[in-house]
Amino acid sequence: MAYNENKSIYEDWNPWHGCTKISTGCKYCYVYRQDEMYGSAKSSSHCKKNLDFNKPLKRKRDKSYKIPPNSIVFTCFTSDFLLEDADEWRDECWKMMKERSDCYFYFFTKRIHRLKECLPDDWGDGYDNVLIGCTIENQEMGDYRLPIFKSLQIKHKSIIVAPMLSKIDISKYLDSTVEEVSVGGESGVDARPCNYDWILYLREQCISANVPFRFHQTGARLIKDGKEYCILRRYQHSQAKKANINFRIGKYLIPETASYKLD
């Protein structure tokens, strides 16, 4: 459990674990790296339902919920909520999200093309307490995923550019329906470099569209002014914060300590 300056409570909920890589951004996925670190690398690509599947509904001895009201719940961050292998379990998750309308559930996905077929029957124009982030890593994926994302009925939308692998122009996809664009480089020993100029270019697009912008982490290899810097994991979010280039960021859902989840 964690808190931000606005006293929001952050919780993790991973109803299943394991994912299949589908694009170049997945190459050095942090979930695979973490599983390998703990000697369970084989489980990374095998989707398995977790024991904590019904965590949002679990209660303490005093009958209060284990996940307190007003929590922001990071959902399915060791997989992809729209993963095909989890189709048989997802409907139950939607029901839990709806029942816990006193909490916000946040997930991001590289499979936004599947959202329409995965939505519950009562979705309408979206649940008030569900936030969906569309993840992109380069221009190709931006031009494929973002038109789909823009066309979908979702109450709360964010764009996650991570790991940023190239210069990207998403200006034509930015409007008032996008609550934030968050960008970060890649972490890990095999991280591909991220150029600071790419980040500033994305920031300019957000400012022009008046869309909030967050630089959430530098990544392990950051190129700035023609020089490459190798940045240790523990400094990657703090160095991004020190750059002081965030735009219109006030109360927002993602705490600094959760930046690794956007890798």
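Our subject is the structure listed above.
Source: prediction; values computed, not measured. (Residues numbered from 1 in each chain as written. Predicted model: local features only at pLDDT ≥ 70, side-chain atom pairs only at ≥ 80, totals over all residues. Heavy atoms only, no water.)

Engineer: Which residues make up the nonpolar core, and what values do they have?
Structural biologist: If you look at the biggest cluster of nonpolar residues, it comprises 57 residues, and the most contacted ones within it are Ile159, Ile170, Val181 and Ile199. It is helix α2 (residues 87-99) that provides the largest number of residues to this core, a total of 5 residues. For Val181, the contacting residues outside a window of four places in its chain are Ile159, Val161, Ile170, Leu174, Leu202, Cys206, Val211, Pro212, Phe213 and Arg214. (Core = buried A, V, L, I, M, F, W, Y, C linked by side-chain atoms within 4.5 Å. Buried < 20%, exposed > 50% of the residue type's maximum accessible area, 1.4 Å probe, protein only. Helix = DSSP H or I, 4+ residues; strand = E, 2+ residues; numbered from the N terminus. Contact = heavy atoms within 4.5 Å.)

Engineer: Could you give an account of the pattern of salt bridges, with specific residues and numbers?
Structural biologist: This model, assessed by the stated rule, comprises 17 salt bridges. Asp80 is paired through a salt bridge with Arg111; the nearest N and O atoms lie 3.2 Å apart. On the criterion of sequence distance, the pair formed by Asp80 in the loop between β5 (71-75) and α2 and Arg111 in the loop between β6 (104-109) and α3 (115-118) is long-range, its members being 31 residues apart. Accessibility assignment for this pair places Asp80 and Arg111 in one class, buried. When the shortest N-O distance is used, the salt bridge between Glu186 and Arg192 registers 2.9 Å. (Salt bridge = Lys/Arg side-chain N within 4 Å of Asp/Glu carboxyl O.)

Engineer: Could you give an account of the sheet that holds strand β12 (residues 221-224), with specific residues and numbers?
Structural biologist: The sheet built from 3 strands is open, its strands ordered β10-β12-β13 with mixed pairing. This sheet does not close on itself; its edge strands, each paired only once, are β10 (194-195) and β13 (227-230). Taken together, the 4 bridges between β12 and β13 define a ladder with antiparallel strand orientation. Of the residues in β13, the one forming a bridge with Ile223 is Glu228. (Pairing = 2+ DSSP bridges.)

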